[in-house]
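Structural overview
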Amino acid sequence: MPVKAYTCIEISKEDLKFSGAHFTIFSATERERLHGHNFKVSLLLTADVGDNGMCFSYVEIKTRLRKLCAQLDEYTLLPADSPFMQIRSEGAQYIAEFNGEQIPFLVSDTLVLPVRNTTVEEFARYLLEQLLRDAPFIEGNEIRELIMKVSSGPGQWGSASWSRD
């Protein structure tokens, strides 16, 4: 019986990371204090193996992942879609309102992301969605499945996945 030649590639390089300040929101009344992590990023992808014995040049995907990491690097990261916190812009500041507190952040140091919380699970989903916007790369390389992983420390990863129907 013939076997279709798919492969699963893991891209997990030391420089695929971003430093970010954040706090996790647990409920309408409980959150972490502002702190930071050196978040690591890894990608597993499944694609067709070409006649040359490889799916594509790894440089292509590493370049895209490095760009995504650089866009998040050295910012305070806030969740635009939190059900428990509202964010408004006032001049050079964002004001985050949480449980009666008004927490100011410099706009120049802050990214407000389309996520519900600033967790590894949501960062993984966000990065995966950003990568999927590059449809010519995904389609042109016959990528069948992607699993984006983000770590906030050793042994703690969150992931988001996509597969072609």
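Residues numbered from 1 in each chain as written. Predicted model: local features only at pLDDT ≥ 70, side-chain atom pairs only at ≥ 80, totals over all residues. Heavy atoms only, no water.

Some points on the overall build of the protein
The number of helices and strands found in the protein is three helices and 10 strands. Along the protein, from the amino end to the carboxyl end, the secondary structure elements read β-β-β-α-β-β-β-β-β-α-α-β-β. Taken along the three principal axes of its C-alpha coordinates, the protein extends 65 × 30 × 30 Å. Taken across its 165 residues, the protein has 39% of its residues classed as buried. Long-range contacts, defined here as pairs at least 24 residues apart, represent 63% of the contacts in the protein between residues at least 6 apart. A total accessible area of about 9,200 Å² is found for the protein, and carbon and sulfur atoms account for 48% of it. Seen as two clouds, the 17 positive and the 23 negative side-chain charges of the protein have centres 3 Å apart. (Helix = DSSP H or I, 4+ residues; strand = E, 2+ residues; numbered from the N terminus. Buried < 20%, exposed > 50% of the residue type's maximum accessible area, 1.4 Å probe, protein only. Contact = heavy atoms within 4.5 Å. Areas by Shrake-Rupley, 256 points an atom, 1.4 Å probe, with all protein chains shown as cover. Lys, Arg positive; Asp, Glu negative; His and termini not counted. Charge placed at Lys NZ, Arg CZ, Asp CG, Glu CD.)

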